[in-house]
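Given next are the chains, with one letter for each unit.
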Amino acid sequence: MDFTEFFTQSQYIPRWGLPAWIAMIITSILYFLLLVKLRPFGISKKKAVTIWFLTVYLIFIYCGAVLTRETLDKPQMRLELFWSYKWGIQRNGFKLVLEILLNILMFLPVGTLLPAIMEKPYSNMWILFFITMLTGLCCSCLVEILQLFLKCGLCELDDIIHNVLGTAMGYGIFVFAGNRQKHIKG
């Protein structure tokens, strides 16, 4: 599968009809205007845009991982740690690597944007790291639990581990970008 096939035929891209896309876009624009114009709690415009982007992104993750998937006959769960690695090595290594990378990349923005929103109230980087990681873990667990109860995917520990790893890598990008910016300003 080449790059263009991935985005046109992939199971990871939500397959919404035109009305759903229009509703999502209109709702996103209204939410954006509400945040930027009203700026609740006196937040800055930059923080309002970051909150908007993170919220829309989390909704997109939820829709892509839960709502747009086909309903299965029964709930699917696999709690064996790293079972997908064993399966991938035996069957199709490329598909496994792609799935792991996508699960990591899917939560990278969470690890980058969330600390940017919370940076001022939590100046201690360890508290910020803990809250970011806990949020990434909770969001990932929510997706997996919803997939289990709505019978629309495989609930597995491997996905949670990859999502949390993506959150941690995103946090690393946030810290690295913040330190670079301090050096540039200083």
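Read on for a plain summary of the structure. (Residues numbered from 1 in each chain as written. Predicted model: local features only at pLDDT ≥ 70, side-chain atom pairs only at ≥ 80, totals over all residues. Heavy atoms only, no water.)

## Examining the packing of aromatic side chains
Operational definition: Centres within 6.5 Å are what make two rings of Phe, Tyr or Trp a pair, Trp counting through its six-membered ring; a difference in plane orientation under 30 degrees is then read as stacked, over 60 as edge-to-face, and the rest as tilted. Put simply, DSSP marks the helices as runs of H or I at least four residues long and the strands as runs of E at least two long, and each gets a number from the N terminus on. Remark: exposure states derive from per-residue accessible area (1.4 Å probe, protein chains only) relative to the maximum for the residue type, with buried under 20%, exposed over 50%, and partly exposed in between.
The final tally for this structure, using the stated rule, is six aromatic pairs. The interplanar angle of 75° and the centroid separation of 5.2 Å between the aromatic rings of F32 and W52 together place this pair among those described as edge-to-face. Separated by 20 residues along the polypeptide, F32 in helix α2 (residues 18–38) and W52 in helix α3 (residues 45–67) bring together distant segments of the chain. F32 sits in the partly exposed class, given a relative accessible area of 27%. Between Y171 and F174, the aromatic rings sit 6.0 Å apart at their centres with planes inclined by 40°, giving tilted as the arrangement. Linking Y171 with F174, this pair stays in helix α7 (residues 157–185), spanning three residues, or about one helical turn. In this structure, Y171 and F174 share a single accessibility class: buried. Joined through ring pairs, the aromatic side chains of F32, W52, F53 and Y57 make up one cluster.

## Let's talk about helix α6 (residues 125–149)
We apply this condition: One less than the residue count of a helix, multiplied by 1.5 Å, gives the span that helix is expected to have. Whenever two N or O atoms come within 3.5 Å, that pair is a polar contact, provided that in protein one can donate a hydrogen and the other can accept it, and provided that, for residues adjacent in sequence, both atoms are side-chain atoms.
Taking 1.5 Å of rise per residue, 25 residues should cover 36 Å, and α6 covers 36 Å from first to last C-alpha, within 8% of that figure. Among the residues making up α6, those that are buried are L128, T132, M133, G136, S140, V143, E144, Q147 and L148. Two or three places before W126, at the start of α6, stands the capping residue N124, its side-chain oxygen 2.8 Å from that residue's backbone nitrogen.

Function cannot be read off these values alone, since they describe shape.
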